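Listed below are the residues making up each chain.
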Amino acid sequence: MVKKVLISLVRLYQAYLSPLFPPSCRYQPTCSNYMIEAIEKHGLKGVLMGLARILRCHPFVRGGKDPVPNRFSLKRNSPRSSNE
């Protein structure tokens, strides 16, 4: 139930707030999609993962692929370690 509410909030952001700003996410998947995947995989801990990801998303970062890891982590996930 809590997961659904949190995911709904992110989807509301995607539908109504995100279109008001130019695309600026440096990562694949986008930060909002990352947040949804993290919540689906890790529950409430996924919110922390999503917030950490948002803090990493700034103009001075290289960006690139950063999939949601299978294990809880607040660090950037390299594509190689996503098969854990």
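Residues numbered from 1 in each chain as written. Predicted model: local features only at pLDDT ≥ 70, side-chain atom pairs only at ≥ 80, totals over all residues. Heavy atoms only, no water.

Trainee: For this particular structure, what's the right way to read the packing of aromatic side chains?
Mentor: Between two aromatic rings, the relevant description is the distance of the centres plus the angle of the planes. All told, the structure shown has zero aromatic pairs when counted by the stated rule. The residue whose ring lies beneath Lys45 is Phe72, and the NZ or CZ to ring-centre distance is 5.3 Å. (Phe/Tyr/Trp six-rings, centres within 6.5 Å; stacked < 30°, edge-to-face > 60°. Lys NZ or Arg CZ within 6 Å of the ring centre and 35° of its normal.)

Trainee: Teacher, can you tell me more about the nonpolar core here?
Mentor: In summary, soluble globular proteins display a tendency toward joint burial of nonpolar side chains. Ile7, Val10, Met35, Ile36 and Ile39 form the largest nonpolar core, which has five residues in total. Secondary structure elements with two or more residues in this core: α1 (2–17) and α2 (31–42). Sort the elements by how many residues they give to this core and α2 lands first, with three residues. Excluding its chain neighbours within four sequence positions, the residues that come into contact with Ile39 are Lys3, Leu6, Ile7, Gly46 and Val47. (Core = buried A, V, L, I, M, F, W, Y, C linked by side-chain atoms within 4.5 Å. Buried < 20%, exposed > 50% of the residue type's maximum accessible area, 1.4 Å probe, protein only. Helix = DSSP H or I, 4+ residues; strand = E, 2+ residues; numbered from the N terminus. Contact = heavy atoms within 4.5 Å.)

Trainee: Teacher, can you tell me more about α2 here?
Mentor: Every α-helix winds through 3.6 residues per turn, so residues three or four apart in the chain are directed the same way. With 12 residues, α2 extends 16 Å from end C-alpha to end C-alpha; this agrees with the ideal 16 Å at 1.5 Å per step. Three or more residues of α2 are buried, namely Cys31, Ser32, Tyr34, Met35, Ile36, Ala38, Ile39 and His42. Residues of α2 that are buried make contact with α1 and α3 (44–56). Backbone geometry just downstream of α2 places Gly43 in the positive-phi region, at approximately 65°. (Expected span 1.5 Å × (residues − 1).)

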